Amino acid sequence: MSTYEPRPSGCTPFEEELINAMNTFAQSADAPAFDTAGMVHRTRRRRATLIAGFAAALIVAGGGTALASISGSSAAQAPAKPAAADDHSKATFLLGGLTKDPIPVDLTGVDLTTAKGQFDKAQLKLGTITKTTSPGCKSATVVELTPHSPKIVVKGDTVNVKLCAG
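As the structure is a computational prediction, the values presented were derived from the model and not from experiment.

Caption draft 1: Here's a closer look at the sheet that holds strand 2 (residues 103–106). With mixed pairing, 3 strands are arranged side by side in an open sheet as 2-1-5. This sheet does not close on itself; its edge strands, each paired only once, are strand 2 and strand 5 (152–153).

Structural data, given as structure tokens:
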């Protein structure tokens with residue numbers, strides 16, 4: 001390789017020696033073995049784990065949304081509250097069994113349809129509905145629940161409702 005004749009390929013002597021060395025190495029090396037079945041199995045396992053992770057995240061997010069809608073939406077949907085002299089704890093129930101601490105749900109001044117929706121979300125049964133007179137309340141809105149706070153209700157319990165007669 002030490003001749004100084006011009007190369008037909010236009011390569012320098014160093015480039016030609018490098019190409020020859022790489023060709024020699026490539027021809028002497030064994031072809032790598034691929035475990036295609038193992039690769040497919042690992043890929044499927046990773047994909048299944050990823051899908052299970054996303055499903056778990058969606059379930060957790062949905063549970064958090066449900067808790068937020070049970071505890072927070074009653075205040076957003078409630079019309080103007082009665083006078084401050086009224087006892088709000090009579091129309092508030094404590095929902096237990098979902099978190100470490102019970103969740104207060106205030107239905108004071110809420111109409112019956114909204115109250116039924118809150119009971120459905122909390123998986124509670126609607127008991128008897130009675131009308132009572134109460135000063136300063138809006139007609140056909142919730143004034144009292146039985147049982148009410150500080151008693152804790154759990155999924156499947158029955159709650160009786162007293163509505164304002166007007």
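And the narrative resumes.
Caption draft 2: Local environment of helix 3 (residues 112–121). For helix 3, every residue scored as buried is listed here: Leu112, Thr114, Ala115, Gln118 and Phe119. Looking straight down helix 3, one finds its buried side chains confined to an arc of 160°; they lie on one side. Seen from the open side of helix 3, the exposed residues pointing more than 90 degrees away from its buried face are Thr113 and Asp120. Positive phi shows up at Gln123, right after helix 3, with a value of about 60°.

Caption draft 3: Structural context of the packing of aromatic side chains. Here the structure, examined in full by the defined rule, presents 1 aromatic pair. Here Phe93 and Phe119 contribute two aromatic rings whose centre-to-centre distance is 5.9 Å and whose plane-to-plane angle is 45°, an arrangement assigned as tilted. Within this pair, whereas Phe93 is found in strand 1 (residues 92–95), its partner Phe119 is found in helix 3, the two being separated by 26 residues in sequence. By the burial criterion, Phe93 is buried, and Phe119 matches it.

Caption draft 4: Structural context of the environment of Lys90. Residue position: Lys90 is located in the loop between helix 2 (36–77) and strand 1. Under the relative-accessibility criterion, Lys90 is labelled partly exposed at 36%. Separated by 57 residues in sequence, Lys90 and Pro147 have C-alpha atoms that sit 8.5 Å apart. If near-sequence neighbours (up to four positions away) are discounted, Lys90 is found in contact with Val143, Glu144, Leu145 and His148.

Analysis parameters
Residues numbered from 1 in each chain as written. Predicted model: local features only at pLDDT ≥ 70, side-chain atom pairs only at ≥ 80, totals over all residues. Heavy atoms only, no water. Pairing = 2+ DSSP bridges. Helix = DSSP H or I, 4+ residues; strand = E, 2+ residues; numbered from the N terminus. Buried < 20%, exposed > 50% of the residue type's maximum accessible area, 1.4 Å probe, protein only. Arc of directions from axis to C-beta. Phe/Tyr/Trp six-rings, centres within 6.5 Å; stacked < 30°, edge-to-face > 60°. Contact = heavy atoms within 4.5 Å.

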